Amino acid sequence: MASRTLYIICLQLLSSGLLAQRQMVVVNVESKVPIREVIVSADNGREMRTSWDGLFEVPDSFERIDFRHPDFEHRYMLTSELLGDTIFLIPNTNALREVVIYGERRFDKRMTSMMQSTPQQKLDAVLERIKIPTGFNPIGFALWIYDLTMRQKVEDRQRRKRALKDVRKQEADYEQMWNSLENNSEEALTRK
């Protein structure tokens, strides 16, 4: 009796092993990183997506299997080409990696609340966003006095320093050219 149940258990394990589907992984050919959300479709009409780690199960019988992903080149393989457990996809260089859309939604909650509020509430909301400081600002006053009295003088002084630096650089270049001409003329005189 025990040998009979053991025989049945072994037979079930072998048959389940024969019927089990093979698990494969889809990876990026450049970075060797698994690719998620690849649409894998077989010619028998079965379609599946790869999981977060790029895994999928190969159907029992098929002739051709297709791999599609927006960021990668479309690829198909025949049954005879599936030798290993890894499928490599080539990145699509013409695909956009990310699309950024600027702007606000048309019917935003803030807009609807502002449209339903009174004009005084609208003004209060605008003033609250602006946050205008009230009272005397000593730093602002000091900067205003500096702008009136010193800014033009400081800018003029900096402009003169830059011009003087340019003139000195030009004089050094002329002096170097003059020295090279003198050396060339002295060499010419010593050769004669």
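The structure displayed is predicted, hence computed values, not measured ones.

Participant: Help me out: how do you make sense of unusual backbone geometry in this one?
Facilitator: The bulk of non-glycine residues show a negative phi, and the bulk of peptide bonds are trans. A positive phi is found at Lys-32, a non-glycine position, where the angle reads about 60°. Along the chain, the position of Lys-32 falls in the loop between strand 1 (22–28) and strand 2 (39–42). For Lys-32, a relative accessible area of 51% gives the class exposed. Of note in this structure, Glu-37 is not a glycine but carries a positive phi near 60°. By the secondary structure assignment, Glu-37 is in the loop between strand 1 and strand 2.

Participant: What exactly am I supposed to notice about the sheet that holds strand 7 (residues 86–89) here?
Facilitator: As a general point, the strands of a sheet are linked pairwise by backbone hydrogen bonds and lie either parallel or antiparallel. Strand order in the open sheet made by the 3 strands is 4-1-7, with mixed pairing throughout. Every other strand in the sheet has two partners, leaving strand 4 (55–58) and strand 7 as the edge strands with one partner each. Between one strand axis and the next, the sheet turns by 35° as a mean value, whatever way the strands run. Relative to strand 7, strand 1 is paired through 4 bridges, and the arrangement is parallel.

Participant: Hey, could you run me through the sheet that holds strand 3 (residues 47–49) in this one?
Facilitator: With antiparallel pairing, the 4 strands of this open sheet are ordered in space as 3-2-5-6. The open sheet terminates on both sides in strands that have one partner only, identified here as strand 3 and strand 6 (72–78). Neighbour-to-neighbour, the strand axes of this sheet turn through a mean angle of 15°, independent of strand direction. Where strand 2 and strand 3 come together, 3 bridges link them in antiparallel fashion. If you follow Val-40 over to strand 3, its bridge partner there is Met-48.

Conventions and cut-offs
Residues numbered from 1 in each chain as written. Predicted model: local features only at pLDDT ≥ 70, side-chain atom pairs only at ≥ 80, totals over all residues. Heavy atoms only, no water. Helix = DSSP H or I, 4+ residues; strand = E, 2+ residues; numbered from the N terminus. Buried < 20%, exposed > 50% of the residue type's maximum accessible area, 1.4 Å probe, protein only. Pairing = 2+ DSSP bridges. Axes fitted to C-alpha atoms, helices over the stretch in contact; angles between N-to-C directions.

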